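Take a look at the letters that make up each chain.
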Amino acid sequence: MTDRKINRALISVYDKTGIVDFARTLINEFGIEIISTGGTAKLLAENNIPVTLVESITGWGEMLDGRVKTLHPKIHAAILADRDNPKHVQQLKDAGINPIDMVVVNLYPFEKTVANPDCKFDDAIEMIDIGGPCMLRAAAKNHRHVVVVPSAAAFGEVLDDLRTHGDVTDLSRRILAARVFDRCMVYNQTIEIYLTGHCMDASDTAQEKPAEDASKAESSPFARMSERLDQLSVDLYRGAQRNLRYGENPTQQACAIDYAFDGAARDDIPGGDDEQTGSIALSYNNSVDADAAIQLCSELHREFGRPLGESGHVGPAFQPVFPRITHEQHTERHLPHIQNPGATYFITFRLHEGSLDPRERSVVLDACKHWHTTKMTVHACVVMPDHVHLLVTPHEVQSGEWVALGEIVKSIKGYSARIINEHRGSKGALWLDETWDRIVRDEQEFGTRWEYIESNPARAELGQQYEWVWMNHASWKDLHEYNRRFRPDRLESRSHIAEQTHSVVFIKHTNACGVGTSSDPLEAYRRAYLGDPNAAMGGILACSFPIDAVFADAVMNSLDRWGRDAGAGAFFAEVWAAPSFNDDAPSIIRTAKPWGERVRLLAVGDMTTPPDADVLELRSIAGGILMQTPDVTGLNEDAWKVVTQRAPSDQEMNDLRLAWLTCKHTKSNAISICKDGMLIGNGAGQMSRVMSCRIATWLANENGHADKLAGAAAASDAFFPFRDGPDILIDAGITAIIQPGGSKRDEDTIAACNERNIAMIVTGTRHFKH
């Protein structure tokens, strides 16, 4: 190979971050001549950096409003010439062309341009770079002789090579060339997706759409796809490819390819760099099942594994503020008044006369919750037939300026009065002008007020009409403190918020066969294992906590400790995933039992990171690929509604939450039954929902949980088309059911529950999984 020396660099960049310092270093330290274009040349010259204009080399100035700058043989021949080919060298000499040894180019920001909802079609077209990709691809093709620098991120490594070796190494040149083709691939895909989306337009002209059409286009799959494609960027890096033993079956070949989003390689793929390999490599099925286990365990950990007071069920945890106030300030009086900044208030306002019917009470409750999270935090609210109680904390609008509660209450009254008067066909005042309020002084008073609001319907002998009571669970931290200090008898019923909860999951064929939660990791594991100990054998185990030596020993001896008494004949795990494996845990696992040598240990790191709602899931079908965003909706309890005469108890609510999340991660049609922090029956992947109900209850009985069926909770991933499914569940002993609702026969299902005093929650959210 001809001796290489970098003599000339062509620099033409849109994003000029760091380019001045980089160019100055090339000249001052290495004596490299700089060739440049337009705005880049102007910036360099303004910073006293000698630069040769491209037009002085080509003999042509910029044309067509800048569309043609570097598309010229004297540029591209200078880049593409093979310096080891005598013919190429002679042709350059004959044409009077000096070689270019480095190309520093980045592209017009097409992705950023089209991500702007105000972007016009013509604006997008002008952001399609032509000369930049041509130079990058030419330099990347000829990387043995030309160093290609496609982004500011590469400046440092190029200069390091030059300082260390006097040249950019062959490996660095090849890596940089690969980055170029990757960047061009993503760039071209983004343009293709954008243009494909605009093929839906009725006209090829760049006419501005009406505002309502523009809003639809902005939210359309085509419009959003162009934003996400840069994230998707499926990079098939050969160095990250792992051959698997086979696919789903031995007759199928398979491999795993680590992929990247926006150029950043993922490290959370089962079997990637974070795997502590066993004696057998991960199979295709192992990888799929491990991913299912990690997803379910991570969601359980995000929802249940928070330390006390970090519940994410209902909006932001803007906690109550208990100020020092005088006795006079504490006495009841009417709003508006001089507001204590940020204090928590107990507010009451009453009807002018008469009472509200159920529909009208729902209107008032919606009005009370309207400003929650924006102007105030609503900790608790109840709408009684003739009055309303609110427990609220106003938000700080800006430094030193707080929301005026008087105006908020006026807004609630005004809106609800207008809707209710329209409903009644009447006019006149609905609410009394007076509003009574009291500053909440401490945790004890906060708990007392919370309890008062929560129990209002029962004390008024209205029954458990929870559709007119709203309790913000983000405030349970303070309620728990009240219970701990003043009402210890109530702590047990709210134990799910008293301590951090640990989660354990067993997966078989992507479905949960065991799920357990508890403040004690070992108890969480026992519950998960005994959910179905026969199915757990040969399954995938996932834990939400680091694995220590004591826990590792217990798992390795599961059969002797619990399994034999439950009727299990054997036990081993194919894969074991956890945030980390600490101390002597790996050595205990490897030596305690023969299967410990084979189990694949996956240290997956932090399980609290929420999923990216914009990442696309891909599935191949005959003739194409389907794309969708992931199902990231979890326990959105603010949208849940009790539709039966009886509301769930605290214990039933705990089990409903666990059942709902488990069901979300189970193949449709899915019915999941939980009791006391434990999955006791999972009816997965059936063609009819009623059959899933039969299987779930049968499994619970088969695995020795007949006693737990009494008082258990069941979840359905989609609505019940008929009442036959709930009837089977109720006959088995289930007392609380959660489901999305939306069937034409919802009223029949609700009636089936009311007939037997069963509680039912409708979530409004479906969780199909295929």
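**Things to note about the overall build of the protein**
Helices and strands together make up the secondary structure of the protein, namely 28 helices and 31 strands. Counting over 770 residues, the protein shows a buried share of 49%. Of the contacts made within the protein by residues no fewer than 6 positions apart, 67% connect residues no fewer than 24 positions apart. Surface exposure of the protein reaches about 36,200 Å², of which carbon and sulfur atoms provide 50%.

**Considerations on unusual backbone geometry**
The amide bond that connects Ser 668 to the next residue, Asn 669, takes the cis arrangement and shows omega of -10°. Within the secondary structure, Asn 669 is located in the loop between helix H24 (650-664) and strand E27 (671-674). Even without being glycine, Asn 757 reaches a positive phi, approximately 60°. Here Asn 757 shows up in the loop between helix H28 (746-755) and strand E31 (759-762).

**Notes on the pairing of strand E20 (residues 511-518)**
Among the eight residues of E20, eight are classified as buried, and the element is accordingly described as predominantly covered. Of the pairings in the sheet, the one linking strand E19 (residues 502-508) to E20 comprises seven bridges and is antiparallel in character. Paired with Val 504 across the two strands is Gly 516, which belongs to E20.

**Topic: the sheet that holds strand E5 (residues 147-149)**
Read across the sheet, five strands follow the order E3-E2-E1-E4-E5 without closing on themselves; strand pairing throughout is parallel. Because the sheet does not close on itself, it has two edges, and the strands there are strand E3 (52-53) and E5. When strand E2 (residues 33-36) meets E3, the two strands line up parallel, connected through two bridges. Each residue of the ladder has a partner; that of Ile 35, found in E3, is Thr 52.

**Considerations on the packing of aromatic side chains**
Inspection of every chain in the model, using the stated rule, returns 17 aromatic pairs. Where Phe 22 meets Phe 155, the ring centres are 4.2 Å apart and the plane angle is 10°; that geometry is what we call stacked. Of the two residues, Phe 22 sits in helix H1 (residues 19-30) while Phe 155 sits in helix H9 (residues 155-165), which places them 133 residues apart along the sequence. In this structure, Phe 22 and Phe 155 share a single accessibility class: buried. Ring geometry for Tyr 529 and Phe 571: centres 5.2 Å apart, planes at 75°, overall edge-to-face. You can see Tyr 529 sitting in helix H19 (residues 521-531) and its partner Phe 571 sitting in the loop between helix H22 (558-563) and strand E22 (573-578), a full 42 residues away along the chain. Neither Tyr 529 nor Phe 571 differs from the other in exposure class; each is buried.

**Overview of the confidence of the model for the protein**
In this model, the protein carries a mean pLDDT of 79, and residues with pLDDT of at least 70 account for 79%. Across residues 202-223, confidence stays below pLDDT 50; counting only partners more than four residues off in sequence or on other chains, it has 15 contacts.

**Section: the environment of Ala 603**
Mapped onto the fold, Ala 603 is located in strand E23 (residues 600-603). Sequence separation between Ala 603 and Ile 547 is 56 residues, and the spatial gap between their C-alpha atoms is 9.6 Å.

**Regarding the nonpolar core**
Looking at soluble globular proteins, one finds that nonpolar side chains tend to be buried together. Formed by 56 residues in total, the largest nonpolar core has its most connected members in Phe 22, Leu 26, Ile 79, Met 102 and Val 104. When residues no more than four places from it in sequence are discounted, the contact partners of Leu 26 are Ala 9, Ile 11, Gly 31, Ile 32, Ile 34, Met 102, Leu 159 and Leu 162. One finds Ala 535, Ala 554, Met 556 and Ala 568 within the second-largest nonpolar core, a separate group that totals 54 residues.

**Quick notes on the pairing of strand E30 (residues 736-739)**
With burial as the criterion, each face of E30 is covered, one bearing Ala 736 and Ile 738 and the other bearing Ile 737 and Gln 739. Judged from the four bridges that link them, E30 and E31 form a sheet pairing that is parallel. Bridge pairing in E31 links Ile 738 to Ile 761. For the crossover from E30 across H28 to E31, the handedness is right-handed.

**So, the packing of H1 against H9**
Where H1 meets H9, the axes come as close as 11 Å, and the angle between the chain directions of the two elements is 10°. Between H1 and H9, the angle falls in the class roughly parallel. Where H1 abuts H9, its residues Ile 19, Phe 22, Thr 25, Leu 26, Glu 29 and Phe 30 lie against Phe 155, Val 158, Leu 159, Leu 162 and Arg 163. In terms of residue class, the contact of H1 with H9 is made up of eight nonpolar, one polar and two charged.

**Considerations on the sheet that holds E30**
Strand order across the open sheet formed by six strands is E26-E31-E30-E29-E27-E28, with mixed pairing between neighbours. At either margin of the open sheet sits one strand with a lone partner, and together these are strand E26 (641-642) and strand E28 (679-683). As judged from the three bridges shared by strand E29 (residues 713-716) and E30, these two strands associate in the parallel manner. Paired with Ala 715 across the bridge in E30 is Ile 738.

**Examining a nonpolar patch on the surface**
Residues Leu 618, Ile 625 and Met 627 make up a contiguous nonpolar surface patch of about 290 Å² in total accessible area. Judged by its relative accessible area of 38%, Met 627 is partly exposed.

**Regarding helix H25 (residues 689-702)**
For H25, with 14 residues, the first-to-last C-alpha span of 20 Å sits near the 20 Å given by 1.5 Å per residue. Along H25, the residues classified as buried are Arg 689, Val 690, Ser 692, Cys 693, Ala 696, Thr 697, Leu 699 and Ala 700. Structurally, H25 contributes buried residues whose contacts are with E27, E28, helix H26 (706-709), E29 and helix H27 (724-732). At the exit of H25 stands Gly 704, carrying a positive phi of roughly 80°.

**What to know about the side chain of Ser 544**
Along the chain, Ser 544 falls in the loop between strand E21 (539-543) and helix H21 (549-556). Contacts of Ser 544, omitting those with residues within four sequence positions, involve Cys 297, His 301, His 502, Ser 503, Pro 579 and Met 607.

**Describing the side chain of Glu 652**
Relative to the elements of secondary structure, Glu 652 occurs in helix H24. Residue class for Glu 652 comes out buried when judged on its relative accessible area of 8%. Within polar-contact distance, the side chain of Glu 652 engages the side chain of Arg 646 at 2.9 Å. Not counting residues up to four positions away in its chain, the partners in contact with Glu 652 are Arg 646, Ala 647, Ala 713, Thr 735 and Ala 736.

Conventions used here
Residues numbered from 1 in each chain as written. Predicted model: local features only at pLDDT ≥ 70, side-chain atom pairs only at ≥ 80, totals over all residues. Heavy atoms only, no water. Helix = DSSP H or I, 4+ residues; strand = E, 2+ residues; numbered from the N terminus. Buried < 20%, exposed > 50% of the residue type's maximum accessible area, 1.4 Å probe, protein only. Contact = heavy atoms within 4.5 Å. Areas by Shrake-Rupley, 256 points an atom, 1.4 Å probe, with all protein chains shown as cover. Pairing = 2+ DSSP bridges. Phe/Tyr/Trp six-rings, centres within 6.5 Å; stacked < 30°, edge-to-face > 60°. pLDDT = per-residue confidence, 0-100. Core = buried A, V, L, I, M, F, W, Y, C linked by side-chain atoms within 4.5 Å. Right-handed = clockwise from strand over helix to strand, strands pointing away. Axes fitted to C-alpha atoms, helices over the stretch in contact; angles between N-to-C directions. Parallel < 35°, antiparallel > 145°, perpendicular 65-115°, else oblique. Nonpolar A, V, L, I, M, F, W, Y, C, P; charged D, E, K, R; others polar. Patch = residues over 30% accessible without salt bridge, like charges linked within 9 Å, V, L, I, M, F, W, Y side chains within 5 Å. Salt bridge = Lys/Arg side-chain N within 4 Å of Asp/Glu carboxyl O. Expected span 1.5 Å × (residues − 1). Polar contact = N/O pair within 3.5 Å; in protein donor to acceptor, adjacent residues only side chain to side chain.

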